[in-house]
Each structure stands twice: as C-alpha cells, then as structure tokens.
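Examining the three-dimensional arrangement
So the chains spell out like this:
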Amino acid sequence: MGVANLCSIALLHFTSLLLLIESTRPPYACDSSNPSTSSYPFCQTSLPISQRVQDLVSRLTLDEKVSQLVNSATAIPRLDIPGYQWWSEALHGIAFVQNVSYGISFNETIRSATSFPQVILTAASFDPTLWYRIAQAIGKEARGLYNAGQATGMTFWAPNINIFRDPRWGRGQETPGEDPSVTGKYAVSYVRGIQGDSFEGGKLADHLQASACCKHFTAYDLDSWNGISRFTFDAKVTAQDLADTYQPPFQKCIQEGSASGIMCAYNRVNGVPNCADYNLLSKTARGQWGFNGYITSDCDAVSIIHDKQGYAKTPEDAVADVLKAGMDVNCGDYLKNHTKSAVEKKKLPESELDRALHNLFSVRMRLGLFNGDPAKLLYGSIAADEVCSKEHQALALEAALDGIVMLKNSDRLLPLTKSKFLSLAVIGPNADLPKTLVGNYAGPPCKTITPLLGLKNYVKNIRYHPGCTTVACSSASIDEAVTIAKGADQVVLVMGLDLTQEREDFDRVNLTLPGEQQKLVKSVARTAKKPVVLVLLCGGPVDVSFAKDDPKIGSILWAGYPGEAGGLALAEIIFGDHNPGGRLPVTWYPQDFTKVPMSDMRMRPEPMSGYPGRTYRFYEGKKVFEFGYGLSYSNYSYKLISVTNKKLYLRSSQTETVKNSNSIGYMSVSELGKYICERNKFTVTVNVANDGEVAGKHPVLLFVRPAKLGAGGPLKKLVGFQTLHLKAKEEAVIEYEMNPCEHLSSADESGTMVVEAGTQLLLVGDEKYPITIIL
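Residues numbered from 1 in each chain as written. Predicted model: local features only at pLDDT ≥ 70, side-chain atom pairs only at ≥ 80, totals over all residues. Heavy atoms only, no water.

Here we take up the overall build of the protein chain. What the protein chain contains, in helices and strands, is 25 helices and 28 strands. Relative to its length of 775 residues, the protein chain is compact, with a C-alpha radius of gyration of 28 Å against a globular reference of 28 Å. If you line up the protein chain on its principal axes, its C-alpha atoms span 90 × 80 × 50 Å. For the protein chain, the residues scored as buried account for 60% of the 775 residues in total. Expressed as a percentage of contacts within the protein chain between residues at least 6 apart in sequence, the contacts between residues at least 24 apart total 78%. (Helix = DSSP H or I, 4+ residues; strand = E, 2+ residues; numbered from the N terminus. Rg over C-alpha atoms; globule rule 2.2 N^0.38 Å. Buried < 20%, exposed > 50% of the residue type's maximum accessible area, 1.4 Å probe, protein only. Contact = heavy atoms within 4.5 Å.)

Here it is in structure tokens:
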C-alpha cells in the first residue's frame with residue numbers, strides 16, 4: 001500500500017470522525033468560537049430577551065423572515081443561526097413516528113424513550129403529582145436527546161387538553177378525560193413538569209427545559225365521523241359551553257401552567273377558523289389570559305382556510321388572516337409559499353411578521369439555543385443514559401398501576417391466588433401485541449411487557465390463544481378458545497380496541513366491542529370452570545353491559561393503553577401485588593348513545609327534543625359506568641368532618657347582605673371582585689378510612705351540586721380531588737380549600753361566570769354537606 005493511499009485512508013477516517021462529532025453536537029447559535037457573529041447583541045445573554053430578539057429580527061431580510069414562519073425553519077448561515085424544527089411530539093413520552101415529530105431522531109446512541117401510559121389512563125390516577133413527575137421525566141429525556149445531537153427542536157406539541165366530549169372520538173385517548181377541572185389540572189402539571197418549573201409553579205423564569213404546547217385551541221373533538229371532517233367542521237358552540245367546558249383547560253394551561261406554546265385547531269367555531277380568530281388568539285389568549293409564548297397552527301391548518309373551508313378568497317388572504325389574528329408559525333409550507341406575496345400585494349404589513357418572529361425567537365432563546373455551547377448551560381449535564389433510565393421505567397410501571405380501573409369484582413374473584421399448580425388460559429387479540437400497549441403518538445419504548453408476558457411472571461402453566469387474528473375480529477376461533485379455556489383453572493380474556501378502531505382522523509361508529517369479540521367472551525365465559533377475568537385495552541369507553549351483568553364474568557379491568565410496562569402492571573393487579581385504585585375519567589355510555597349526532601356540540605340536555613346532554617355534568621341518560629367509578633381490594637369510607645363557613649355572605653358587608661338578600665338571585669364573579677372571593681374562601685375537611693385488609697392508593701373526589709337543580713346548571717361538578725396512601729385500617733384527614741367564585745360558580749347563557757344565591761351540597765362518597773350562599 002503506497003503512502004498516498006495511507007494518507008487518503010487517514011484523511012477519510014479523520015473526516016468520518018469530524019462528521020460523527022458534528023452529528024452528536026446539538027445545534028445552537030452564538031458559538032463563542034465564531035467572534036464575527038457571537039458579538040452581535042442578540043448573542044449577549046446579559047441583555048433582556050426582548051432586546052436580543054429585537055436586534056436579531058432587525059437583521060433579517062424579508063426572505064429570511066418568511067423562512068422562519070414554518071415548522072421546518074431553515075438555517076440563516078450569515079448569522080450562524082442553525083435550522084430549527086418546531087414540530088416534536090411528547091404526548092406520553094418522546095415520540096417519533098413517520099411524518100410525526102420531525103425534530104427528534106433515534107439512532108445507535110439513543111434508540112428509544114420511556115413510553116408512559118396513554119394520557120387517558122394516567123388521568124385515571126387523579127394524581128397531579130404523578131402527572132408532574134411523568135412530565136418531568138419526559139422533559140429530561142428531551143434534553144438528553146438534544147444534548148446527544150438527536151433533536152433539532154425542543155418545542156413539543158403536547159398536551160392535548162380538549163374535553164373528551166363524545167365517547168366515539170378517536171383522539172379521546174390522548175386527553176385527560178371529560179372534566180374541565182381535571183383536564184386543567186393535568187395541563188398545569190404537565191406543562192410545569194416538562195418545562196422545568198416546580199410542582200407549585202412560579203420558579204421557571206426565562207430558562208425552559210423543554211417547551212410545552214397546549215392543543216387544540218379550541219372546541220376541537222371531532223376528527224372524521226359520518227362524512228364530517230375536522231378540516232371543514234364548523235363547531236356551533238354556545239357562549240355558555242365555551243365558558244364552562246371548552247375554554248377553562250386552556251385558561252389554566254396559560255395562566256397557571258405558563259405554557260410557552262398553544263396550537264390553534266383545524267375547525268371553525270361559529271363560522272370562524274380557530275387559526276384566523278383574532279378574538280380567540282390575541283384578545284382572549286394574549287389579552288385576557290396574558291399568554292406569553294408562540295402560537296402554531298395544526299398541520300396544514302392555514303391551507304385549509306382557503307383550500308377546503310373557502311373562508312379566505314386567496315392564499316394570500318389566508319396568510320394575512322392568520323398572522324393578523326396572532327398566529328406565529330405554520331405547520332406546513334403555506335406561509336413559506338405565500339407570505340412574501342401577501343406582503344408585496346399589501347395584504348399584510350411586514351410588522352406582522354416581526355411580531356410573530358419576536359414570539360418565535362423569544363421561545364428559542366428561553367430554551368438556551370442562543371446562549372452558546374449548551375453543554376455549559378443549565379441543562380447541559382443531562383446525558384444519554386438518563387433516557388430510558390431505571391427510574392423512568394419504574395415510573396412508567398407506577399403510572400400504569402395507579403391508573404388501571406377495576407370495574408367489577410364479583411365475589412372477590414380478584415386477586416387470583418398465587419400457586420405453582422395454577423393453570424391459566426390467556427385468550428384475546430390484545431394479549432400479546434406490544435403496539436397496542438402504547439396507543440398513538442408514541443415512540444419506540446425502552447422495553448415492552450405485554451399482558452401475556454406479564455402473567456408468565458406469575459404462572460408457568462399458561463396456554464395462549466388470540467381468539468381473533470385482529471382486534472376487528474371479523475371471525476373468532478371460538479372452538480379453539482373454548483377448548484383451551486375448559487382445560488385451565490382460570491381464564492383471563494384480553495380484549496378491547498387498538499389504533500385500527502380509534503385514532504387521529506378516525507372516530508368510532510359503535511361503542512360495542514368490535515366484530516365477534518363479545519361472542520368470543522361470552523362463549524369462553526360460559527364454558528370456563530370459574531368466572532373469568534375480562535381485561536379491556538382501549539382509550540374510549542366501551543359498552544360492556546353484557547359483561548357487567550353476566551355472573552360468569554367475575555371481574556373487569558380497564559387498562560386504557562398502559563404503556564411499555566402495562567402487561568406487568570396488569571399481572572401485579574390480577575395477582576394482588578398491587579391494589580387497584582384508578583377511577584374512570586370519562587362516563588361510559590351505552591350503545592344507544594350513538595343515536596346522538598357527534599357533531600352536536602351542546603353540553604346541556606334539551607328534554608323537549610330528547611337530547612340527553614354530555615359528560616357526567618349534564619348527561620341525563622343511562623350509563624354503563626359513571627365518571628369517577630372504580631373499585632379496590634379495600635373498602636374506603638368518608639366522613640365530612642367540618643366546613644369552616646356554612647354560610648357565605650358574598651357582599652361588601654354582612655349587614656348589607658342580610659337586608660338585601662331577598663332581592664338578589666345571582667351576581668357575576670367579576671362584580672363580586674377578587675377581594676370578596678378571597679375573603680370568603682373556606683376549608684372542607686374530610687376523614688378518609690381504609691376499612692379493608694389491604695393497603696392502597698386512593699383518589700378522593702369532592703363534588704358539588706345545587707340542592708335544587710336549575711335550568712342550565714350542571715347536575716354536579718368536581719371541585720377537588722386528592723390522592724392518598726392508606727395502610728389497612730388506617731385513617732387520614734385531608735383538606736380542600738374552596739373559593740366560592742371558582743368552585744361554586746357556573747356560566748350563564750351569555751358565558752358570564754355567576755354565583756347564585758341558595759344552597760349547594762358538597763358531596764364526597766355518600767356524605768353530603770350544605771353550603772348556603774347569601775347575596
């Protein structure tokens with residue numbers, strides 16, 4: 001081999017090494033080794049971010065400005081600014097799917113990320129601390145990927161905080177359920193966790209661990225149903241329903257969570273596209289709620305304003321509409337293709353671009369991406385080994401254990417007795433499918449334990465049969481399944497749904513189990529030696545009235561999509577190593593509910609037309625299982641010990657109140673004012689006892705309802721929830737702090753939050769306590 005060849009090989013190796021180093025180097029601006037750009041004011045960390053951004057934007061040409069208004073923002077080489085990808089996903093773990101989460105890549109350094117349970121199951125724990133810890137872990141893994149050079153963006157388009165209004169919605173699995181207060185609290189916990197804030201909030205300052213984005217703003221909860229598409233759907237929503245159902249989670253996300261991003265939804269609300277609604281984006285989110293961050297469109301939402309909705313006459317009009325409304329970045333290429341033309345045609349002033357760019361670059365600076373070498377910054381020490389750490393995987397198991405809901409347990413069938421002589425039949429299409437466990441918006445998990453694999457940790461003698469080749473179960477192998485079931489001491493059926501039945505852009509038509517699943521379950525149960533255990537993997541509710549009423553089906557467990565450790569969690573519950581404590585975050589409706597048009601956005605019932613209303617707060621029809629329902633291996637009892645104020649005088653003085661109390665039926669929260677609302681806060685004290693023989697984690701839900709139901713008010717509403725661990729026979733006292741203007745108010749027809757005079761009942765379990773409001 002000649003000297004020239006040796007030199008060539010050495011050069012090749014050196015070049016490969018440089019490329020490897022470059023590929024593992026996270027992208028950032030203001031590199032101190034490049035004095036020609038690092039000396040610019042926008043690189044000076046001693047200056048306020050607003051001043052730095054103003055300097056940066058002032059240096060951009062029109063073409064460069066336009067290039068930054070789309071999710072795949074291109075590099076600006078002359079200023080040494082790298083490209084940036086705004087679109088990354090982290091719904092219940094860092095995600096990477098084809099055409100999803102472009103800002104993240106998995107390679108030989110980091111191949112996977114912790115896959116926590118899908119949000120709907122995590123919500124069933126009713127544990128904000130757990131929600132926060134999960135988000136913390138996701139934020140840390142996001143930084144680990146970035147520091148390893150596997151992320152070109154640190155803005156994550158999660159959480160999904162739309163209300164799970166209709167049980168058929170394919171994306172309901174992504175949400176914390178149907179209750180606005182739960183959804184709002186989840187939003188706050190998630191945002192604080194992923195962004196690096198404390199659990200109580202208020203410690204974030206200008207340093208984001210990662211950026212959260214609350215979506216889809218607003219009243220978005222229909223994807224594709226009965227020929228109606230989310231792209232063209234015009235949601236007719238009353239001011240009353242907006243005020244007390246659809247908007248509160250977003251307000252909490254912004255005001256208490258301090259989210260750095262929100263996403264405007266595809267659909268129109270009362271004729272106006274969300275992304276082109278100035279009242280929604282600028283007046284409400286930024287003006288009334290004080291939002292300080294960036295607003296992105298959902299993907300291609302700007303194009304449909306012209307192309308599908310016909311709201312804008314030209315592409316340039318669509319671009320002008322969204323930027324003038326307050327949107328900042330477009331997922332897609334529409335702004336890249338048409339913004340310059342809109343400016344040149346005088347449809348859009350360049351100042352609107354500058355406004356949007358100010359918001360965008362402010363977030364990138366808060367992420368530390370313009371502060372020089374990230375290894376020397378606040379989150380620079382988070383290494384690749386903190387992704388899929390043992391701690392995070394243990395948290396994924398804990399979340400699944402705490403979320404799983406026991407819906408039935410006749411004659412205490414569960415837990416099963418551990419015995420080396422036990423034979424077990426495991427039957428069902430969801431028993432051994434790893435993909436089913438994670439639901440949608442999931443990345444490659446660290447590891448996956450299916451229900452079958454989890455049960456094998458407890459029972460050696462297991463016989464397995466899927467029963468159906470797919471979850472759709474167009475034909476079931478009933479004879480084979482029955483034969484296996486007959487030969488076993490105990491049968492576990494693992495049924496339900498998967499992403500072929502419910503997902504983004506795919507809503508359900510029926511609420512029953514697909515295909516011949518029900519026939520398979522009944523046939524196996526009829527012939528099994530003992531009552532069977534039915535496990536349901538699904539995001540949305542399923543009408544399993546047949547199983548609820550069948551004595552041959554002894555136990556029912558709902559496990560949502562329980563994440564990478566879901567199979568182990570189920571096995572631990574089935575064999576008693578964990579006491580289930582989850583409670584349903586959604587109402588489970590009967591199949592008959594499918595007669596209600598999914599496109600009807602009304603929350604409140606209309607008895608004259610037979611419209612039953614929606615969610616536990618307003619629905620007046622039959623239920624399969626109620627919101628908040630969930631059994632345990634223990635029995636818990638409550639005593640409402642005390643309430644600090646039994647009568648609330650909500651006027652400037654008690655004397656004036658008593659004199660005028662007969663003449664005033666209600667007052668708006670704004671009229672009452674912050675001082676009176678704060679002055680009349682009161683504390684509710686509840687004693688909780690574990691009367692059983694097993695320790696457990698238990699969510700305690702506090703509701704309120706009017707003593708006399710009035711027109712338009714909720715039947716009841718959740719006003720507080722806490723989770724506590726109790727040993728067998730142990731008792732504890734918990735307190736709820738109540739604000740009458742927040743917890744005892746409701747929306748009137750104009751959307752104004754009002755407090756009504758009269759008596760309301762506090763409810764916890766079977767306990768009731770009256771509170772009288774005097775105006």
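In the structure shown here, the tally under the stated rule is 28 aromatic pairs. Ring geometry for W86 against Y294: centres 4.8 Å apart, planes inclined by 50°, an arrangement best described as tilted. Of this pair, W86 sits in the loop between strand 2 (84-85) and helix 5 (119-123) while Y294 is found in strand 11 (residues 294-297), placing the two residues 208 residues apart along the sequence. As far as burial versus exposure is concerned, W86 and Y294 are alike and both buried. An angle of 80° between the planes, with centres 5.7 Å apart, marks the rings of F593 and Y619 as edge-to-face. (Phe/Tyr/Trp six-rings, centres within 6.5 Å; stacked < 30°, edge-to-face > 60°.)

So, on to the packing of helix 15 (residues 390-403) against helix 21 (residues 566-574). Any two packed helices are characterised by the angle at which their axes cross and by the distance between the axes. In the contact formed by helix 15 and helix 21, the axes pass within 9 Å of each other and the chain directions differ by 50°. As far as their axial angle goes, helix 21 and helix 15 are oblique. Remark: the crossing between helix 15 and helix 21 carries right-handed chirality. Note on element contacts: helix 21 touches helix 15 through G566, L568, A569, E572 and I573, opposite L397, A400 and L401. For the contact of helix 15 with helix 21, the per-class residue count stands at six nonpolar, one polar and one charged. (Axes fitted to C-alpha atoms, helices over the stretch in contact; angles between N-to-C directions. Parallel < 35°, antiparallel > 145°, perpendicular 65-115°, else oblique. Left-handed = near helix turned anticlockwise from the far one by under 90°. Nonpolar A, V, L, I, M, F, W, Y, C, P; charged D, E, K, R; others polar.)

Right, let's talk about the sheet that holds strand 9 (residues 268-269) for a bit. In spatial order, the strands read 7-9-10; together these three strands make up an open sheet with mixed pairing. Edge strands, defined here as strands with exactly one partner in the open sheet, are strand 7 (234-235) and strand 10 (272-273). In this structure, strand 7 lies alongside strand 9, joined through two bridges in parallel fashion. Within strand 9, the position partnered with D234 by the bridge is R268. (Pairing = 2+ DSSP bridges.)

Our next topic: unusual backbone geometry. Residue P159 follows A158 across a cis peptide bond; omega there is 15°. Looking at the element boundaries, P159 is found in the loop between strand 3 (155-156) and helix 7 (180-195). Residue T218 is reached from F217 by a cis peptide bond, and omega for that bond is 10°. Relative to the assigned elements, T218 resides in the loop between strand 4 (211-217) and strand 5 (224-225). Phi at C473 takes a positive value of approximately 50°, unusual for a residue other than glycine. Tracing the backbone through its elements, the reader meets C473 in the loop between strand 14 (461-465) and helix 18 (478-486). Since its relative accessible area comes to 1%, C473 is described here as buried.

All right, on to the environment of Y266 then. By the element assignment, Y266 lies in the loop between strand 8 (261-264) and strand 9. When the C-alpha atoms of Y266 and G368 are compared, they prove to be 31 Å apart, with 102 residues separating the residues in sequence. The contacts of Y266, once residues within four sequence positions are left out, are R230, F231, D298, C299, D300, A301, I304 and Q309. Looking at Y266, its side chain comes within polar contact range of the side chain of D298, at 3.4 Å. (Polar contact = N/O pair within 3.5 Å; in protein donor to acceptor, adjacent residues only side chain to side chain.)

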